[in-house]
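Descriptive analysis of the structure
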Amino acid sequence: VQLVESGGGLVQPGGSLRLSCTASGFTFSIYYMSWYRQAPGKARELVAGISRAGGSTNYADSVKGRFTISRDNAKNTVYLQMNSLKPEDTAVYYCKATNDRLYWGQGTQVTVSS
C-alpha cells in the first residue's frame with residue numbers, strides 16, 4: 001500500500017500550487033480521501049476531505065474559498081488545488097485514505113514566502 005504526494009514547493013504569497021496524491025495497493029474508489037497539514041510546532045489538522053465518488057467535500061474554515069479538493073478514481077489520485085496562498089499555509093501536507101483501514105502518505109512540503 002502506498003500513498004505518494006507530490007506538487008509541493010516554494011511559492012510566493014498569493015500564488016498557487018496543486019498537490020497530487022496517487023494511491024496503489026488498495027481499492028482507491030471506496031476510500032474517503034482527505035488532506036491534512038502540519039506546521040512546525042503545531043498539531044496536524046484537517047484541510048479538506050472528499051467522499052468516495054467525489055460528490056461531497058468539506059473544508060477547514062481557514063482554506064474555504066481558496067482550496068479545492070478533487071479526485072480522479074480512474075487515476076487513483078486525489079488533488080488539492082491551492083490558490084491565494086498565505087504564509088500561514090506553510091506546512092507539510094499529507095493525504096489520508098479512510099475506510100475499514102487508514103493509510104497516510106509521507107507528506108510534501110509547502111512553503112509560502114517572499
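Summary of the structure given here. Predicted model, so just to flag it, every value in this text is computed and none were measured. (Residues numbered from 1 in each chain as written. Predicted model: local features only at pLDDT ≥ 70, side-chain atom pairs only at ≥ 80, totals over all residues. Heavy atoms only, no water.)

1. Considering the state of the cysteines
Going by this rule: For the purposes of this analysis, a disulfide is any pair of cysteine sulfur atoms at a distance within 2.5 Å. In this description a helix means any DSSP run of H or I spanning at least four residues, a strand means any run of E spanning at least two, and both kinds are numbered starting from the N terminus. A simple rule labels every residue: compare its accessible area, found with a 1.4 Å probe on the protein chains alone, to the largest value its type can have, and call it buried under 20%, exposed over 50%, or partly exposed in between.
Tallying each qualifying case throughout the model produces one disulfide. Through a disulfide, Cys21 is tied to Cys95; the S-S separation comes to 1.9 Å. A torsion of 50° about the S-S bond marks the disulfide between Cys21 and Cys95 as right-handed. Placement of Cys21 in strand β3 (residues 17-24) and of Cys95 in strand β9 (residues 91-98) is noted, with a sequence separation of 74 residues between them. Residue Cys21 is classed as buried on the basis of its relative accessible area, which comes to 0%. Classification of Cys95 as buried rests on a relative accessible area of 0%.

2. Details of the nonpolar core
The criterion, for reference: Put simply, buried Ala, Val, Leu, Ile, Met, Phe, Trp, Tyr and Cys residues joined by side-chain atoms within 4.5 Å make one nonpolar core. Whether two residues touch is decided by their heavy atoms; if any such pair falls within 4.5 Å, the residues are in contact.
Within the largest apolar cluster, 30 residues are counted, with the highest numbers of intra-cluster contacts made by Leu3, Trp35, Leu80, Met82 and Tyr93. For this core, the elements supplying multiple residues, two or more each, are β3, β4 (32-38), β5 (45-50), β7 (67-72), β8 (77-82), β9 and β11 (108-112). If we ignore the near neighbours within four places in the chain, the residues touching Leu80 are Leu17, Arg18, Leu19, Trp35, Val47, Ala48, Phe67, Thr68, Ile69 and Tyr93.

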